[in-house]
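Listed below, chain by chain, are the residues.
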Amino acid sequence: MSRQVQITHTWEATKADANWASIDEDDQGNLIYSTSRRQTIADQIRQRRRRLAQLDHAQSRKRILRDMIRYFYLVLDLSEVMYEKDPELGFGRNKTRLDVMLQLVQEFANEYYDQNPLSHLGIIICKNGEAQVLTLLTSSKRSAVTAIGALREGVSSGLISNGSGKDAGVFSLQNGIEVAGRSLGHMPRHGSREILVLVGAMSTCDPGDVLIETLPKLTGAGIRVNCLAMCAEMHICRKLSESTGGVMGVAMDGRHLKDLLINFVAPPPALRHGDREEDADICEFIPMGFPTRTTEDVPTLIHTVSSTGSGSVTRDNKLFFGRTAYVCPRCKAKASELPCDCAVCGLKLVLAPHLARSFHHLFPVPIFHELPEDKEIEKDPGMGKGSSLELPPVTSSWCYSFGPSTKIGFSKDDQTKEVSIDSSLVLSSKDCDRVCFGCLKTIGVHKIVDPNKKKSYVKASDGSDMEILRFECPECKNIFCSDCDEFLHETLHNCPGCLCR
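These figures come from a predicted structure and were not determined experimentally.

K.L.:
Describe the packing of helix 5 (residues 173-184) against helix 6 (residues 210-221), with residues and values.
P.N.:
Packed helix pairs are specified by the crossing angle of their axes together with the interaxial distance, meaning the distance between the axes. Here helix 5 crosses helix 6 at 20°, and the two axes come no closer than 11 Å. Comparing their axes, helix 6 and helix 5 come out roughly parallel. Crossing of helix 5 against helix 6: the hand is left-handed. Side by side, helix 5 and helix 6 meet where Q174, I177 and E178 of the first sit next to V210, E213, T214, K217 and L218 of the second. Among the residues forming the contact of helix 5 with helix 6, the class breakdown is three nonpolar, two polar and three charged.

Spelled out as structure tokens, the structure:
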């Protein structure tokens, strides 16, 4: 027979997550008390778009100087506090803070190298009051992702801190930043020097005063420090971030932590290196080489970048025999992968796609505007549907799988206006503003219920589902769904409607 737990205090009868359920975030990112209903998917999408619209790289009309080459260090908290289970993060009841952090860090590393192919990434772990280098700054995506995967496997198998964190000790903010700062101090001035601290501890055990001893070194070297807290904000992290021009964030849940982390994929505005304004506008030319890919019949010696190396001329670079390599145009040395620095002459070896993927940060896609359900786009008489091209019905696509008796429409002036969608070619959103220009998904409509028939083929929408959301490009005036809006701004970095003009 199970025993009932005797409740002696009122707060014991309250669920652990009841207080956080009423916490919401406003447009400025402040935590507020909310008594409204639970957020729908559409509300979460709107909140996320408002947060992205406030970022500096989302303002395409602003002329912002950015560094295409970044030297970025991740300082990870592996102290005893990170081994505690935190179901509020939303990744499962058995997931610890460390499991969630390492999973998001691995996703961040993949996205970082995809969006910044010319940049470098290094990882430092902090435990037992000490800082250890997991990987030095490297331009090799394979090396960084492999190191993070090995760290995750060591934590899950219990090889690191016995899997329980009893001997993981405390977190030291000063030691982690000092180790990263010494490495970043030797990096070229033409690239941005950044540190991101992911911390879950509520305190830090430092050998000295961070603000007196460490902060002057960071500002003198032009290093920007950013901090993300998984539990609560520490004043020293806030002070350090604001003094170096960085960002301080506190995650409310796992999804919010992922959004905050992905925001660091785009390069921030460049810091002023000089006191005079004319010194800040000086740009340096960086020599780069475009190697040729060759395949030999006989294996030859090829330089490879070490998993703990920085991709430059260091003693960690090793040689191996291989048939396929990239030949440096200056010294004819062979490299195993791109992008990298030549192991002989130090020339940065890149390809044209690497430069193209780095340039899109300078010309971002403008933020799309959300359209209300009752707004209609005027038809273009010169490009009407009945003018020319008409496609046969596409039975394999779910976009055209409406039943013949299904009626769809939208609300306008307290009335329902029916919409007819056929298989005509959509040249622009002026042909049909209820179909996504990117994926042809039907958006901004709901089912017209026939009281005489019970069956329906289109799911009804109450105005809060994501299917009702429509977004308009301010340049080409085409309509996109929420999925295409996220894909164009975060992955493709181009608007298909603007490219067709």
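K.L.:
Describe in detail the pairing of strand 5 (residues 130-138), supporting the description with residues and values.
P.N.:
Across a regular strand the side chains alternate sides, sitting on one face of the sheet and then on the other. Pairing of strand 4 (residues 120-127) with strand 5 involves six bridges; the strand directions are antiparallel. Counterpart to I123 in the pairing with strand 5 is T135. In this antiparallel pair of consecutive strands, strand 4 and strand 5, the connection spans two residues, and N128 shows a positive phi of 55°.

K.L.:
Before we move on, can you summarise the environment of N494 with the specific residues and values?
P.N.:
One can find N494 in the loop between helix 11 (482-492) and helix 12 (496-499). Measuring from C-alpha to C-alpha, the distance between N494 and P364 comes to 7.8 Å, with 130 residues separating the pair along the chain. In this structure, N494 is in contact with V365, L488 and L499, ignoring residues within four places of it in sequence.

K.L.:
Before we move on, can you summarise the packing of aromatic side chains with the specific residues and values?
P.N.:
With the rule as written, the count across this model stands at six aromatic pairs. A centroid spacing of 5.6 Å and a plane angle of 45° characterise the contact between F72 and Y112, whose relative ring orientation is tilted. With a gap of 40 residues between them, F72 in strand 3 (residues 70-77) and Y112 in helix 3 (residues 97-115) connect regions that are remote in the sequence. Relative accessible area serves as the criterion here: at 0%, F72 is assigned to the buried category. Residue classification places Y112 among the buried residues on the basis of a relative accessible area of 0%. The interplanar angle of 35° and the centroid separation of 5.8 Å between the aromatic rings of F108 and Y112 together place this pair among those described as tilted. Note that F108 and Y112 are positioned in helix 3 at a spacing of four residues, about one turn of the helix. Following the ring pairs from residue to residue traces out a cluster consisting of F72, F108, Y112 and Y113.

K.L.:
Help me get a handle on the environment of L440, residues and values and all.
P.N.:
By the secondary structure assignment, L440 is in the loop between strand 17 (415-419) and strand 18 (446-447). Of the residues examined, L440 reaches a relative accessible area of 30% and is grouped as partly exposed. It is 9.0 Å that separates the C-alpha atoms of L440 and C481, two residues lying 41 residues apart in sequence.

K.L.:
Before we move on, can you summarise a nonpolar patch on the surface with the specific residues and values?
P.N.:
Taken together, the side chains of L301, L319 and F321 make up a nonpolar region of the molecular surface, amounting to roughly 330 Å² of accessible area. Residue position: L301 is located in strand 10 (residues 292-304).

K.L.:
Which residues make up the sheet that holds strand 4, and what values do they have?
P.N.:
What the six strands build is an open sheet, ordered 5-4-3-6-7-8; its pairing is mixed. The two strands at the open ends of the sheet, each matched to only one other strand, are strand 5 and strand 8 (248-250). In this sheet, adjacent strand axes meet at a mean angle of 15° when their direction is disregarded. The pairing of strand 3 with strand 6 (residues 192-199) spans seven bridges and is parallel.

Cut-off values and rules
Residues numbered from 1 in each chain as written. Predicted model: local features only at pLDDT ≥ 70, side-chain atom pairs only at ≥ 80, totals over all residues. Heavy atoms only, no water. Axes fitted to C-alpha atoms, helices over the stretch in contact; angles between N-to-C directions. Helix = DSSP H or I, 4+ residues; strand = E, 2+ residues; numbered from the N terminus. Parallel < 35°, antiparallel > 145°, perpendicular 65-115°, else oblique. Left-handed = near helix turned anticlockwise from the far one by under 90°. Contact = heavy atoms within 4.5 Å. Nonpolar A, V, L, I, M, F, W, Y, C, P; charged D, E, K, R; others polar. Pairing = 2+ DSSP bridges. Phe/Tyr/Trp six-rings, centres within 6.5 Å; stacked < 30°, edge-to-face > 60°. Buried < 20%, exposed > 50% of the residue type's maximum accessible area, 1.4 Å probe, protein only. Patch = residues over 30% accessible without salt bridge, like charges linked within 9 Å, V, L, I, M, F, W, Y side chains within 5 Å. Areas by Shrake-Rupley, 256 points an atom, 1.4 Å probe, with all protein chains shown as cover. Salt bridge = Lys/Arg side-chain N within 4 Å of Asp/Glu carboxyl O.

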